[in-house]
Amino acid sequence: MSLPDLKPGEGAVIETGGKKLAVYNDKGKLRAASAKCTHKGCAVVWNKADGTFDCPCHGSKFGSDFSVKHGPAVKPLEPADLE
């Protein structure tokens, strides 16, 4: 797996092992979650301007901590391990 070179406060969506992961650099520590929106399963994308992971299908927004910032999703993105 090749991790992106993210500066603190940056995020990205990567693909590894056939799975898409939302990755965020939290003050030097990389954190990851499934990039699958918990509403209907579309893949989220990193929104650099807002610092959120956004679902292009139905408009859900997830914070850099993967919590729901705007629905229709009601559950946060599922945590994932970076291996």
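Analysis parameters
- Residues numbered from 1 in each chain as written.
- Predicted model: local features only at pLDDT ≥ 70, side-chain atom pairs only at ≥ 80, totals over all residues.
- Heavy atoms only, no water.
- Pairing = 2+ DSSP bridges.
- Helix = DSSP H or I, 4+ residues; strand = E, 2+ residues; numbered from the N terminus.
- Polar contact = N/O pair within 3.5 Å; in protein donor to acceptor, adjacent residues only side chain to side chain.
- Contact = heavy atoms within 4.5 Å.
- Axes fitted to C-alpha atoms, helices over the stretch in contact; angles between N-to-C directions.
- Disulfide = S-S within 2.5 Å.

Caption draft 1: Region of interest: the pairing of strand β3 (residues 29-34). Relative to β3, strand β2 (residues 19-26) runs antiparallel, the two sharing six bridges. In the sheet register, Y24 faces β3, and the bridge partner there is R31. Counted along the chain from β2 to the antiparallel partner β3, the turn is two residues long, and its residue K27 has a positive phi close to 55°.

Caption draft 2: Region of the structure containing the sheet that holds strand β4 (residues 45-47). Strand order in the open sheet formed by four strands is β4-β5-β6-β7, with antiparallel pairing between adjacent strands. In this open sheet, the two edge strands, each paired with only one partner strand, are β4 and β7 (68-70). Both β4 and strand β5 (residues 52-54) contribute to a ladder of three bridges, which runs antiparallel. Its bridge partner being in β5, N47 is matched across the sheet by T52.

Caption draft 3: Seen up close, the side chain of N47. Mapped onto the secondary structure, N47 falls in strand β4. Only 3.1 Å separates the side chain of N47 from the backbone nitrogen of A49, close enough to count as a polar contact. Ignoring any residue separated from it by four or fewer positions in sequence, one finds N47 in contact with T52, D54 and K61.

Caption draft 4: Inspection of the sheet that holds β2 at higher detail. Reading across from one edge, β1-β2-β3 is the order of the three strands in this open sheet, with antiparallel pairing throughout. Here the strands that pair on one side only, and so sit at the sheet edges, are β1 (11-16) and β3. Between one strand axis and the next, the sheet turns by 35° as a mean value, whatever way the strands run.

Caption draft 5: Structural context of the environment of G28. Within the fold, G28 resides in the loop between β2 and β3. Each C-alpha atom, one on G28 and one on G9, is 8.6 Å from the other, the two residues being 19 residues apart in sequence.

Caption draft 6: Main features of the state of the cysteines. In the structure shown here, the tally under the stated rule is one disulfide. The residue that forms a disulfide with C42 is C57, at a sulfur-sulfur distance of 2.1 Å. Disulfide C42-C57: torsion about the S-S bond near -100°, hence left-handed. Here C57 lies in the loop between β5 and β6 (61-62) and C42 lies in the loop between β3 and β4, a separation of 15 residues in the sequence. In this model C37 remains outside any disulfide bridge; the closest cysteine sulfur is found in C55, 3.9 Å from its own.

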